[in-house]
Amino acid sequence: MAHFLTDRRSLLKGGATLLAAAATMSADELLGYAKAWAQTSPWKPEAGAKINLLRWKRFVEAEDVAFMKIVDAFQKANNVTINVSNESYDDIQPKASVAANTGQGLDMVWGLYTLPFLFSNKVTDVSDVADYLGKKCGGWTDSGKAYGMLDGKWIGIPVAATGGLVNYRISAMEKAGHKEFPKDLAGFADLVKGMNKNGTPGGMALGHASGDANGWLHWALWAHGGNLIDKDNKVVINSPETAKALEYVKGLYDNFVPGTASWNDSSNNKAFVAGQLYLTVNGISIYVAAKKDNPEVAKDMNHAHLPAGLDGKTRELHLGFPILIYNFTKFPQTCKAFTAFLLEPEQFNPWIEAAQGYLSHFLKAYDANPIWTADPKNTPYRDVAATAVTPAGVGKLGEAAAAAIADFVVVDMFANYCTGREDVKTAMASAERSAKRIFR
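Residues numbered from 1 in each chain as written. Predicted model: local features only at pLDDT ≥ 70, side-chain atom pairs only at ≥ 80, totals over all residues. Heavy atoms only, no water.

Focus on the packing of aromatic side chains
Moving on, step 1. Taken as a whole and assessed by the stated rule, the structure comprises 28 aromatic pairs.
Moving on, step 2. Aromatic pair W43 and Y132: ring centres 5.2 Å apart, planes at 80°, arrangement edge-to-face. Of the two residues, W43 sits in the loop between α3 (27-40) and β1 (50-56) while Y132 sits in helix α7 (residues 127-136), which places them 89 residues apart along the sequence.
Moving on, step 3. The class of Y132 is partly exposed, set by a relative accessible area of 23%.
Moving on, step 4. Measuring from ring centre to ring centre gives 6.1 Å for W56 and Y89, while their planes differ by 65°; the resulting arrangement is edge-to-face. Here Y89 lies in helix α5 (residues 89-102) and W56 lies in strand β1, a separation of 33 residues in the sequence.
Moving on, step 5. With relative accessibility at 8%, the residue Y89 sits in the buried group.
Moving on, step 6. Put simply, the rings of W56, F59, F67, Y89, W110, F321, F348, W351, Y358 and Y366 pair up and form one aromatic cluster.
Moving on, step 7. Its end group placed over the ring of F67, R55 keeps NZ or CZ at 4.8 Å from the ring centre. (Phe/Tyr/Trp six-rings, centres within 6.5 Å; stacked < 30°, edge-to-face > 60°. Helix = DSSP H or I, 4+ residues; strand = E, 2+ residues; numbered from the N terminus. Buried < 20%, exposed > 50% of the residue type's maximum accessible area, 1.4 Å probe, protein only. Lys NZ or Arg CZ within 6 Å of the ring centre and 35° of its normal.)

Brief notes about the sheet that holds strand β2 (residues 81-87)
Moving on, step 1. The strand order across the open sheet formed by five strands is β2-β1-β3-β10-β6, and the pairing between neighbours is mixed. Among the strands making up the open sheet, the edge pair consists of β2 and β6 (157-162). Going across the sheet, the axis of each strand differs from the next one's by a mean of 20°, ignoring polarity.
Moving on, step 2. The pairing of β1 with β2 spans seven bridges and is classified as parallel. When the sheet's bridge partners are listed, R55 is paired in β2 with N86.
Moving on, step 3. Contacting β1, β2, β3 (108-110) and β10 (319-325), α5 crosses the sheet at an angle of about 140° to β1. (Pairing = 2+ DSSP bridges. Axes fitted to C-alpha atoms, helices over the stretch in contact; angles between N-to-C directions. Contact = heavy atoms within 4.5 Å.)

Considerations on the sheet that holds strand β8 (residues 279-282)
Moving on, step 1. One open sheet holds the three strands; their spatial order is β8-β7-β9, and the pairing between them is antiparallel. Every interior strand has two partners, whereas the edge strands, β8 and β9 (301-304), have only one. The mean angle between the axes of side-by-side strands here comes to 25°, regardless of whether they run parallel or antiparallel.
Moving on, step 2. As paired strands, strand β7 (residues 165-169) and β9 are joined by four bridges and run antiparallel to one another. Bridge pairing in β9 links Y168 to N302.
Moving on, step 3. Sheet strands in contact with helix α14 (residues 285-293) are β7, β8 and β9, and its direction is about 165° off that of β9.

Regarding the pairing of β8
Moving on, step 1. What you see with β8 is no split at all: L279 and V281 on one side and T280 and N282 on the other are buried throughout.
Moving on, step 2. Sheet topology note: the β7/β8 ladder contains four bridges and is antiparallel. Residue pairing across strands places Y168 opposite L279, the latter belonging to β8.

Focus on helix α11 (residues 212-223)
Moving on, step 1. With 12 residues, α11 extends 17 Å between its outermost C-alpha atoms, agreeing within 8% with the 16 Å of an ideal straight helix rising 1.5 Å per residue.
Moving on, step 2. In terms of burial, α11 is a largely internal element, 12 of the 12 residues being buried.
Moving on, step 3. Among the residues of α11, D212, A213, N214, G215, W216, L217, H218, W219, A220, L221, W222 and A223 are the ones counted as buried.
Moving on, step 4. Where the residues of α11 are buried, they touch α10 (185-197), α12 (240-253), α13 (267-273), β8, α20 (399-406) and α21 (409-418).
Moving on, step 5. Looking one or two places after α11, you find G225, whose phi comes out positive at around 85°. (Expected span 1.5 Å × (residues − 1).)

Remarks on the side chain of N255
Moving on, step 1. In this fold, N255 is placed in the loop between α12 and α13.
Moving on, step 2. A distance of 3.1 Å separates the side chain of N255 from the side chain of N196, its partner in a polar contact.
Moving on, step 3. When sequence neighbours within four positions are dropped, the list of residues in contact with N255 reads V192, K193, N196, P201 and G202. (Polar contact = N/O pair within 3.5 Å; in protein donor to acceptor, adjacent residues only side chain to side chain.)

As for helix α17 (residues 345-354)
Moving on, step 1. Counted residue by residue, α17 has nine buried out of 10 residues, so it is predominantly covered.
Moving on, step 2. What α17 keeps buried is the set P345, Q347, F348, N349, P350, W351, I352, E353 and A354.

So far we have only geometry, and geometry alone does not tell us how the molecule works.
Shown next, in the form of structure tokens:
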């Protein structure tokens, strides 16, 4: 641990040259490091292991390239095979569930949110990996523990999260009468209304967008004191607080660009970079793409956390990415070794630099990575773990809470009211019925 922090301090002092060296570590250097690591690793891969790993499809190309370099070095150093397949956000969970139910096809999944909790009896206990990484990298944040642990055991390793933060155009915000980004709910509503009036509208997904819609709509519910479940996992969605959240979101939705009710996770990215959308909630991938494809937009945009709730606290649902190992894999040691290797400072630092802020960390030592301060527009994404709440909210994360987010219970409630399919009472009653079927 001390050795790592010294390294990071000298890296920060040494500035750009060392950072460039880390980010561009050659394949040979990475392989040399992987071989040395394999010698001292607590996990010894099984001879001739062949692993099938499923991961989500990249939103930032450089991140995927860096990830595959790590895979390549690990394979060669340990004489094993890791077959990586990619699926869109929305296809990960069904494929992972099939493997869990059949006990074949995959060894590991790098998935979304609460995936290990959907079938916690089918995953390997990875407490040894979590302890190893925690000791080495400054400890886990509370949100990291919440995303990884069930009943005192680690059932997945939260590799990173994509922060769901506000992406906005500075000029449009100022023209709508706000010198800086609003920090309260009333100010945020006023901004969205003003931007729409000026013909520079915002828009946030209300369709089945696993990352975007779940993210900001859970925020809206919590910000008004509403919850799907209470601390004992009792369904409490049908409440005056939820009704307030529904009215608030309807006020925003009425000022959005048309079509947000059918948006998926990439709809807002395209519209923003094309200059048709002026405010949304997303990862940093819009900014990364804009720097390349539309520099004028990049220059005029910035990021902010969503406003604090009525109680003055900020709670956000960011897109956590846990990695799980099935308990039916024939190669548990290989899977554990690879998971630990992935988060070692020597590759995790260059990897999150390559992701350009798209991956935020749950291990505290990575706060020191220069990516968060090299460009002040990246800095809000450094603090994602500090504001992150799991989809269970105040409740206990488990199979039921994982099923509720996979079934879009909260998203559908807001969408049904905003689009006029249901009134407030009916929308809450429908969500309550769906939730009670899940939380039995």
